[in-house]
Amino acid sequence: MNLFKKLIQCKYKFCIDKKSDILIFSGWENAEILKKELKGYSTVFIHRKNYETNIFYLIIAIFLQFICKEQLKFSYIRAHIYFVKPKIILSTYEMDEMSFLFKKLFNTKTAIIQINRQNSFIGFAGEIMSGKIKNNFSRKKNLPYEVDHMFVYGKDYEKRYSRFVKTKFHKIGAFRNN
């Protein structure tokens, strides 16, 4: 029932995106601020699957899933990358392991912006820092993660993230406020 409700409420796209400078993996709540801040660059958004799904990429992803033997969500992003040919993938999901795997899986430049200070402690990074996630992802062979650039709130977050991600840190404070 819940899946059916999500399928009905989801927006659908049926087009191929144009080649763009930046492929943004973010939710609709960050779209306006990112468009404003990146207005000099061409951008394409990949939203959460329960918000917007591109049917064309989804069909390709289903085939890629079997060829590449990877999860559907990675094949879906691989399909986007093939057509968009971004110079960089930008993510605002600092609590999602997938954001930390883009560089390795897709061999492209990556950046992550820490959007939510509170969730970092109770989400993905907080679980890594407390040691909980180490057990859950012990089957992963790519720790520590690697990201080209990570924009964080400050020095404390740099110290915490540096335990599990190799990156060039940029301390920017609260992204939405600055």
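To keep things clear, this report deals only with the structure shown in the data block. (Residues numbered from 1 in each chain as written. Predicted model: local features only at pLDDT ≥ 70, side-chain atom pairs only at ≥ 80, totals over all residues. Heavy atoms only, no water.)

**Things to note about the sheet that holds strand β2 (residues 22–25)**
Strands in a sheet are paired, the pairing made by backbone hydrogen bonds, and the direction either parallel or antiparallel.
Step number 1: On the basis of which strands lie adjacent, the open sheet formed by six strands has the order β3-β2-β5-β6-β7-β8 and parallel pairing. Strands at the two margins of the open sheet, each flanked by one partner only, are β3 (43–46) and β8 (165–171). Strand-to-strand twist across the sheet, computed as the mean angle between neighbouring axes with direction ignored, equals 25°.
Step number 2: Two elements, strand β5 (residues 88–91) and strand β6 (residues 109–113), share four bridges in a ladder whose sense is parallel. Considered in β6, the bridge of Ile-88 is made with Lys-109. (Pairing = 2+ DSSP bridges. Helix = DSSP H or I, 4+ residues; strand = E, 2+ residues; numbered from the N terminus. Axes fitted to C-alpha atoms, helices over the stretch in contact; angles between N-to-C directions.)

**Side note on the packing of helix α3 (residues 55–68) against helix α4 (residues 72–84)**
When two helices pack together, their arrangement is given by the angle between the helix axes and the distance between those axes.
Step number 1: Packing of α3 against α4 leaves a shortest axis separation of 7 Å and a crossing angle of 115°. Crossing of α3 over α4 shows right-handed handedness. Across the interface between the two elements, Phe-56, Tyr-57, Leu-58, Ile-60, Ala-61, Ile-62, Leu-64, Gln-65 and Cys-68 from α3 touch Leu-72, Ser-75, Tyr-76, Arg-78, Ala-79, His-80, Phe-83 and Val-84 from α4.
Step number 2: Within the contact of α3 with α4, the residues separate by chemical class into 13 nonpolar, three polar and one charged. (Left-handed = near helix turned anticlockwise from the far one by under 90°. Contact = heavy atoms within 4.5 Å. Nonpolar A, V, L, I, M, F, W, Y, C, P; charged D, E, K, R; others polar.)

**Focus: α3**
Step number 1: Here α3 is 14 residues long and its end C-alpha atoms lie 19 Å apart, about the 20 Å a rise of 1.5 Å per residue gives.
Step number 2: Listing the buried residues of α3 in full gives Tyr-57, Ala-61 and Leu-64.
Step number 3: Looking at the buried positions of α3, the neighbouring elements they touch are β4 (52–54) and α4.
Step number 4: Measuring from the backbone nitrogen of Phe-56 back to the side-chain oxygen at the start of α3 gives 3.0 Å, which picks out Asn-54 as the cap.
Step number 5: Note on α3: the residue one or two positions beyond its end, Lys-69, has a positive phi of about 50°. (Expected span 1.5 Å × (residues − 1). Buried < 20%, exposed > 50% of the residue type's maximum accessible area, 1.4 Å probe, protein only. Polar contact = N/O pair within 3.5 Å; in protein donor to acceptor, adjacent residues only side chain to side chain.)

**Some points on the environment of Tyr-93**
Step number 1: Checked against the element boundaries, Tyr-93 lands in the loop between β5 and α5 (97–106).
Step number 2: For the pair Tyr-93 and Ile-113, spaced 20 residues apart in the sequence, the C-alpha separation amounts to 7.5 Å.

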